[in-house]
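# Chains, contacts and geometry: an overview
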Amino acid sequence: MNKQQKKVPTSTVKRLLSYIGHYKLRFIFVLICILVSALTSVAASLYLQTLIDSYITPLLLEANPVFDKLLKSVVSMGCIYLIGILATLLYNRIMVSIAQGVLKEIRDTMFAHMQTLPIKYFDTHTHGDIMSHYTNDTDTLRQMISQSVPQVFSSLITVVSVFFAMLSVNIWLTLVVIIFVTFILKITKFIASKSSTFFIRQQRSIGNMNGYIEEMINGQKVIKVFCHEEAAKNTFDEKNENLCSDATSANMFANILMPVMMNLGNLQYVCVAIIGGIMAINGVSGLTLGAIASFLQLTKSFNQPISQISQQLNAVIMALAGAERIFKLMDETSETDDGFVTLVNARYIDGKLEETDHRTGIWAWKCPQKDGAATYTELKGDVRFHDVDFGYNENKIVLHNITLYAEPGEKVAFVGATGAGKTTITNLINRFYDLADGKITYDGININNIRKDDLRRSLGIVLQDVNLFTGTVMDNIRYGNLEALDEECIAAAKLANADGFIRRLPQGYDTVLSGDGSGLSQGQRQLISIARAAVGDPPVMILDEATSSIDTRTEAIVQKGMDRLMLGRTVFVIAHRLSTVQNSDVIMVLEQGRIIERGPHKDLIAQKGKYYQLYTGAFELE
Ligand SMILES: Nc1ncnc2c1ncn2[C@@H]1O[C@H](COP(=O)(O)OP(=O)(O)OP(=O)(O)O)[C@@H](O)[C@H]1O
Ligand SMILES: [Mg+2]
């Protein structure tokens with residue numbers, strides 16, 4: 001278990017390094033600058049010895065001091081510091097740009113990967129938590145790359161070079177420093193290990209809280225309607241309290257680190273001064289006034305980087321926790337697609353179907369053969385379910401033994417109580433989820449063999465929950481087929497009977513929608529989503545409660561449009577209204593994931609079964 005825990009950060013670090021590796025040259029330059037900056041600081045400390053012993057002490061002893069040489073050496077020392085400062089400035093600036101570049105790439109990769117994730121991922125993660133990968137986790141990474149990484153490198157180089165410089169001045173005094181430092185490191189390690197657990201918890205709490213906030217923003221209206229403000233506030237307080245206590249614990253340990261280190265450092269400084277003084281008085285060779293001053297300066301620049309490393313350790317731990325979350329998202333298994341059958345434009349030549357590269361209005365499934373040739377099957381819209389079982393998770397099967405067929409041009413309706421499995425059936429046709437058992441064929445081809453993109457392109461789908469995107473009404477309709485011309489979009493809107501209300505909008509088709517089309521009524525949003533599905537001119541249409549928010553009069557009009565839309569297409573329609581369903585070729589009555597009745601409206605009514613019960617009660621006057 002422990003081994004496993006240790007393993008994760010190393011692989012995270014390696015992965016992070018591989019991103020930084022894309023900026024190899026710049027990073028090498030940064031390392032050189034860090035080296036220059038660290039070495040100049042050591043050189044300046046060492047130079048202090050020469051300055052004091054060779055220029056200042058003689059001056060004090062001489063009767064007629066000459067300041068020439070002193071001035072020169074002070075200027076040289078100033079120059080050394082200046083070079084150090086310039087190098088520091090330079091590497092800090094470059095690191096900022098490297099950090100931003102790395103973050104951009106990580107965000108890009110993360111977003112691209114997110115697009116490939118199956119719907120299941122979004123079912124099981126809160127949106128706010130996913131969001132915080134892009135905000136909070138990347139920000140801790142930015143801090144680490146632009147600040148902690150250069151500081152840790154610079155500190156390491158300084159520590160090593162100062163160590164050798166100290167050795168060159170006096171071995172015994174160096175030994176005293178080493179004893180102190182070992183002690184300091186032990187304390188640091190203890191405190192850092194305490195705080196790291198809390199930093200990881202803090203990161204998790206932030207994600208958790210973001211998820212909650214996102215949910216509460218989306219559900220504002222519901223919260224108000226049910227007067228849940230107080231309860232929402234209380235739950236938020238609880239989550240906020242968790243975050244606060246995790247962050248406090250993490251930072252408390254992090255914050256005691258500094259003062260503890262400072263005091264120990266001061267103690268060490270005094271000890272070295274006293275021991276050095278005693279040694280000098282006792283005439284230990286080479287230990288001049290200048291040497292002691294220089295050594296004291298060195299011990300200072302020895303402790304500082306060590307305390308910096310320990311301080312940065314927290315930032316690094318926090319960033320690695322963030323990076324781990326980011327990489328976890330990147331490692332989520334993508335929606336697999338082993339489909340090899342593709343959708344191509346086709347035409348008939350001498351009664352034989354052939355592929356062509358321009359739009360002909362005829363589409364064909366292209367199935368590559370082992371010998372390199374391909375067979376073509378015309379896209380007709382023949383959908384069949386063969387004994388399909390399905391569950392959103394393995395232990396709860398939602399659909400049982402679903403067998404059905406829809407021939408091209410047929411309208412199949414699903415009715416049934418809420419939760420019966422109607423939406424689930426349509427989710428399977430477009431392969432949002434994979435089947436547990438059985439198979440679905442489309443024009444005789446198992447849909448598992450069809451490339452998902454092509455399968456979905458051949459379907460026009462109006463989902464139960466309408467989602468519109470920021471952009472004009474025209475853009476939103478064109479979402480259904482990016483190649484559609486304006487006229488085609490307008491024609492689709494007319495077909496869905498959305499044209500009338502769109503023209504009454506302030507800027508007509510150019511009206512900009514924002515916030516999921518919040519300026520529109522529910523019914524208007526549905527009409528736009530019908531137009532969006534229609535614009536692709538697909539052979540199969542799936543309409544899930546497409547007219548549920550439209551008033552009955554408009555529905556009658558939309559129905560006419562939809563009948564036109566449905567002409568010659570295979571249509572799966574889910575509706576609670578009898579009027580939408582009754583002219584279907586076949587109606588499937590679902591109950592708890594099973595088809596319990598099937599047949600045309602008249603037959604089902606005559607059967608006086610579930611369908612009769614479902615609808616005669618509510619629609620007796622129809
Ligand atoms: N994403 C999901 N994860 C787990 N279970 C789900 C998920 N979506 C639906 N279910 C379950 O599957 C069953 C069928 O749901 P489905 O959405 O197909 O019902 P429906 O017939 O479309 O109902 P409605 O008329 O209310 O739209 C329900 O019991 C539901 O709890
Ligand atoms: Mg549904």
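Remember, it's a predicted structure, so these values are computed and weren't measured experimentally.

## A look at unusual backbone geometry
- In this structure, Gln-592 takes a positive phi of about 45° despite not being glycine.
- With respect to the element layout, Gln-592 can be found in the loop between β15 (586–591) and β16 (594–599).
- Gln-592 gets classed as exposed once you look at its relative accessible area, which sits at 65%.
- The phi dihedral of Lys-608 falls on the positive side, at around 55°, and the residue is not glycine.
- Its location among the elements puts Lys-608 in the loop between α18 (601–607) and α19 (610–618).

## Things to note about the site of ligand 1
- Inspection of the region around ligand 1 gives 14 residues, with Thr-418, Lys-422, Thr-423, Thr-424 and Gln-464 positioned closest.
- Take Tyr-392: an N or O atom from its side chain is 3.5 Å from a nitrogen atom of ligand 1.
- At a separation of 2.3 Å, an oxygen atom of ligand 1 approaches a polar side-chain atom of Thr-418.
- Here ligand 1 has 630 Å² of accessible area as a free molecule, and 68% of this is covered by the chains.
- Considering each element in turn, the shell around ligand 1 owes the most residues, 3 residues, to helix α10 (residues 422–429).
- Considered class by class, the residues forming the shell around ligand 1 number 4 nonpolar, 7 polar and 3 charged.

## Points about the side chain of Arg-532
- Along the chain, Arg-532 turns up in helix α15 (residues 522–534).
- Exposure remark for Arg-532: the relative accessible area of 16% places this residue in the buried category.
- Look past the residues within four positions of Arg-532 in its chain and what remains in contact with it is Asn-467, Leu-468, Phe-469, Asn-476, Ile-477, Tyr-479 and Gly-480.

## Some points on the domain arrangement of the protein chain
- Each assigned domain of the protein chain is listed with its residue range as follows: domain 1 (10–195 + 260–330) and domain 2 (409–420 + 458–616).
- Each of domain 1 and domain 2 was reduced to a C-alpha centroid, and the two centroids are 64 Å apart.

## With respect to the sheet that holds strand β14 (residues 570–574)
- Taken together, the 6 strands give an open sheet; going across it, the order is β10-β13-β14-β7-β15-β16, and neighbouring strands pair in mixed fashion. Pairing within the sheet leaves two strands with one partner each, and these edge strands are β10 (459–462) and β16. Neighbouring strand axes in the sheet, compared pairwise and without regard to direction, differ in orientation by 15° on average.
- Here β10 pairs with strand β13 (residues 540–544) via 4 bridges, running parallel.

## Things to note about the packing of helix α3 (residues 68–116) against helix α5 (residues 127–169)
- As a packed pair, α3 and α5 sit with axes 9 Å apart at the nearest point and diverge in direction by 150°. Relative to α5, the element α3 is oriented roughly antiparallel. Crossing hand, α3 versus α5: right-handed. In this structure, α3 contributes Tyr-91, Met-95, Val-96, Ala-99, Gln-100, Val-102, Leu-103, Ile-106, Arg-107, Met-110, Phe-111 and Met-114 to the contact, and α5 contributes Ile-130, His-133, Tyr-134, Thr-138, Leu-141, Arg-142, Ile-145, Ser-146, Val-149, Pro-150 and Ser-154.
- When grouped by side-chain class, the residues that make up the contact of α3 with α5 number 16 nonpolar, 5 polar and 2 charged.

## Some words on the packing of aromatic side chains
- Under the defined criterion, the tally for this structure stands at 11 aromatic pairs.
- When the centroid spacing of 5.9 Å and the interplanar angle of 75° are considered together, the rings of Phe-27 and Phe-153 count as edge-to-face. Of this pair, Phe-27 sits in helix α2 (residues 24–61) while Phe-153 sits in helix α5; the two residues are 126 residues apart in sequence, bridging distant segments of the chain.
- When the centroid spacing of 4.9 Å and the interplanar angle of 85° are considered together, the rings of Tyr-392 and Tyr-433 count as edge-to-face. One end of the pair, Tyr-392, is in the loop between β5 (383–390) and β6 (399–406); the other, Tyr-433, is in the loop between α10 and β8 (437–442), with 41 residues separating them in the sequence.
- Within the aromatic cluster, the residues linked to one another by ring pairs are Phe-390, Tyr-392 and Tyr-433.
- In this arrangement the basic side chain of Lys-300 is found over the ring face of Tyr-269, its NZ or CZ atom lying 5.4 Å from the centre.

## Some remarks on the coordination of the magnesium ion (ligand 2)
- Around the magnesium ion (ligand 2), the protein contributes the donor atoms Thr-423 (OG1) and Gln-464 (OE1), which lie 1.8 to 2.2 Å from the metal centre. One end of the pair, Thr-423, is in helix α10; the other, Gln-464, is in the loop between β10 and β11 (471–472), with 41 residues separating them in the sequence.
- On the basis of relative accessibility, which here comes to 26%, the residue Thr-423 falls in the partly exposed class.

## Details of the pattern of salt bridges
- Scanning the entire structure with this criterion turns up 18 salt bridges.
- Notably, a salt bridge pairs Asp-139 with Arg-142, separated by 3.1 Å at the nearest N-O pair. Separated by 3 residues within a single helix, Asp-139 and Arg-142 lie in helix α5, roughly one turn from each other.
- You can call Arg-142 partly exposed: its relative accessible area is 23%.
- Residues joined by salt bridges that share partners form a network here, namely Asp-129, Asp-137 and Arg-325.

## Quick word on the nonpolar core
- Counting 46 residues, the largest nonpolar core has Ile-477, Ile-502, Ile-530, Leu-543 and Tyr-611 as the members making the most contacts within it.
- Counting residues per element, this core draws most heavily on α15, at 6 residues.
- Ignoring sequence-local partners within four residues, the contact set of Ile-530 consists of Val-462, Ala-496, Ala-546, Val-558, Met-562 and Leu-565.
- Counting residues in hydrophobic clusters, the runner-up holds 35 residues, among them Cys-367, Ala-420, Ile-445 and Ile-595.

## Remarks on the sheet that holds strand β4 (residues 374–378)
- As summarised here, the arrangement of the 4 strands in space is β2-β1-β3-β4, forming an open sheet in which the pairing is antiparallel. Every other strand in the sheet has two partners, leaving β2 (352–355) and β4 as the edge strands with one partner each. Adjacent strand axes in the sheet meet at a mean angle of 50°, parallel and antiparallel pairs treated alike.
- The sheet contact formed by strand β1 (residues 342–349) and β2 spans 4 bridges and is antiparallel. Considered in β2, the bridge of Arg-347 is made with Glu-354.

Here is what the cut-offs are and how they apply
- Residues numbered from 1 in each chain as written.
- Chains lettered and ligands numbered in written order.
- Predicted model: local features only at pLDDT ≥ 70, side-chain atom pairs only at ≥ 80, totals over all residues.
- Heavy atoms only, no water.
- Helix = DSSP H or I, 4+ residues; strand = E, 2+ residues; numbered from the N terminus.
- Buried < 20%, exposed > 50% of the residue type's maximum accessible area, 1.4 Å probe, protein only.
- Near = heavy atom within 4 Å.
- Polar contact = N/O pair within 3.5 Å; in protein donor to acceptor, adjacent residues only side chain to side chain.
- Areas by Shrake-Rupley, 256 points an atom, 1.4 Å probe, with all protein chains shown as cover.
- Nonpolar A, V, L, I, M, F, W, Y, C, P; charged D, E, K, R; others polar.
- Contact = heavy atoms within 4.5 Å.
- Domains from an automatic or database assignment.
- Pairing = 2+ DSSP bridges.
- Axes fitted to C-alpha atoms, helices over the stretch in contact; angles between N-to-C directions.
- Parallel < 35°, antiparallel > 145°, perpendicular 65-115°, else oblique.
- Left-handed = near helix turned anticlockwise from the far one by under 90°.
- Phe/Tyr/Trp six-rings, centres within 6.5 Å; stacked < 30°, edge-to-face > 60°.
- Lys NZ or Arg CZ within 6 Å of the ring centre and 35° of its normal.
- Donors = N, O, S within 2.8 Å, 3.2 Å for Na, K, Ca; no water.
- Salt bridge = Lys/Arg side-chain N within 4 Å of Asp/Glu carboxyl O.
- Core = buried A, V, L, I, M, F, W, Y, C linked by side-chain atoms within 4.5 Å.

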